[in-house]
Amino acid sequence: MKLIIAIVNYDDANAVIRALTKGGFSSTKLATTGGFLMAGNATILIGVDEERVQAAIDLIKEYSTSRKQVMPAAGEANFSYYSGSSMEVTVGGATIFVVDIERFERV
C-alpha cells in the first residue's frame, strides 16, 4: 500500500478529485497555502495499491495544469506601490510524493 500526497493548485483541485474518483480512487482534499506566491493550494491524499500508483499519478498530471501569472516585483509587494515592473512566473502543476504505508486499518 502506498500513500500519494499531491499538492495541486486550488483551481485544479476539483478536476483532479473528479478524475481520481472516476478512475476508482478514493481521496481526501485538504486546503493548504504555500509556495513561492503563498497561493491557495489543495493537498490531496490518496491511498492506493502499489500497482495502481502510476495510474493515479497520470490522472493528477493530466488535470494539473501549469499557467503563467504576473506578480509584482518584491519591493512593490512590501511597500504597496507600483513602479511598472513585474515578473511572470509559472504556477500550477503538481508536486507529488509517494510514501510507503506500513500499516492500514479501517475502523
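Anyway, here's the lowdown on the structure attached to this text. (Residues numbered from 1 in each chain as written. Predicted model: local features only at pLDDT ≥ 70, side-chain atom pairs only at ≥ 80, totals over all residues. Heavy atoms only, no water.)

**Comments concerning the side chain of serine 64**
Piece 1. Relative to the helices and strands, serine 64 resides in the loop between α2 (53–63) and β4 (66–72).
Piece 2. For serine 64, a relative accessible area of 8% puts it in the buried group.
Piece 3. A polar contact is formed between the side chain of serine 64 and the backbone oxygen of isoleucine 60, at a distance of 2.8 Å. (Helix = DSSP H or I, 4+ residues; strand = E, 2+ residues; numbered from the N terminus. Buried < 20%, exposed > 50% of the residue type's maximum accessible area, 1.4 Å probe, protein only. Polar contact = N/O pair within 3.5 Å; in protein donor to acceptor, adjacent residues only side chain to side chain.)

**Thoughts on α2**
Piece 1. Every buried residue of α2 is accounted for by Val53, Ala56, Ile57, Leu59 and Ile60. Down the axis of α2, the buried side of the element spans an arc of 160°, and every buried residue falls inside it. For α2, the exposed residues lying more than 90 degrees away from the buried face are Lys61 and Glu62. (Arc of directions from axis to C-beta.)

**Examining helix α1 (residues 10–22)**
Quick reminder: α-helices carry 3.6 residues per turn. Residues three or four places apart thus point the same way.
Piece 1. With 13 residues, α1 extends 19 Å from end C-alpha to end C-alpha; this agrees with the ideal 18 Å at 1.5 Å per step.
Piece 2. Those residues of α1 lying buried are Asp12, Ala13, Val16, Ile17, Ala19 and Leu20. In an axial view of α1, the angular spread of the buried residues amounts to 165°, which keeps them on one side of the axis. Within α1, the exposed residues directed more than 90 degrees away from the buried face are Asp11, Arg18, Thr21 and Lys22.
Piece 3. The opening residue of α1 is asparagine 9, an N-cap whose side-chain oxygen sits 2.8 Å from the backbone nitrogen of aspartate 11.
Piece 4. Count one or two residues on from α1 and you reach glycine 24, which has phi positive near 90°. (Expected span 1.5 Å × (residues − 1).)

**Observations regarding the packing of α1 against α2**
Piece 1. Following both chains from N to C, one finds α1 and α2 inclined at 145°, their axes separated by 9 Å at the closest point. When the axes of α1 and α2 are compared, the crossing they make is right-handed. Contacts between α1 and α2 involve Asp12, Ala15, Val16, Ala19 and Leu20 on the former and, on the latter, Ala56, Leu59, Ile60 and Tyr63.
Piece 2. In terms of residue class, the contact of α1 with α2 is made up of eight nonpolar, no polar and one charged. (Axes fitted to C-alpha atoms, helices over the stretch in contact; angles between N-to-C directions. Left-handed = near helix turned anticlockwise from the far one by under 90°. Contact = heavy atoms within 4.5 Å. Nonpolar A, V, L, I, M, F, W, Y, C, P; charged D, E, K, R; others polar.)

**Considerations on the packing of aromatic side chains**
Piece 1. Within the structure shown, the criterion is met by zero aromatic pairs.
Piece 2. The aromatic ring of phenylalanine 25 is capped on one face by arginine 52, whose charged end is 4.0 Å from the ring centroid. (Phe/Tyr/Trp six-rings, centres within 6.5 Å; stacked < 30°, edge-to-face > 60°. Lys NZ or Arg CZ within 6 Å of the ring centre and 35° of its normal.)

**Comments concerning the layout of surface pockets**
One simple way to see leftover space: roll a probe sized like a water molecule over the atoms.
Piece 1. The calculated volume of the second largest pocket comes to roughly 190 Å³.
Piece 2. Every residue lining the second largest pocket is listed: Met1, Gly24, Phe25, Ser26, Gly47, Val48, Asp49, Arg52, Phe104 and Arg106. (1 Å grid on protein atoms, 1.4 Å probe; cavity = no way out; pocket = protein on both sides within 12 Å on 5 of 7 lines; lining within 4 Å. Points joined across faces, edges and corners; volume = space filled by probe spheres on them.)

**Considering the side chain of asparagine 41**
Piece 1. The residue asparagine 41 is located in strand β3 (residues 39–48) in this model.
Piece 2. The residues contacting asparagine 41, other than those within four sequence positions of it, are Ile7, Val8, Asn9, Tyr10, Leu30, Ala31, Thr32, Thr33 and Gly34.

**Remarks on the environment of valine 99**
Piece 1. Position of valine 99 relative to the elements: it lies in strand β6 (residues 94–100).
Piece 2. For valine 99, a relative accessible area of 33% puts it in the partly exposed group.
Piece 3. When the C-alpha atoms of valine 99 and leucine 3 are compared, they prove to be 5.2 Å apart, with 96 residues separating the residues in sequence.
Piece 4. When sequence neighbours within four positions are dropped, the list of residues in contact with valine 99 reads Met1, Lys2 and Leu3.

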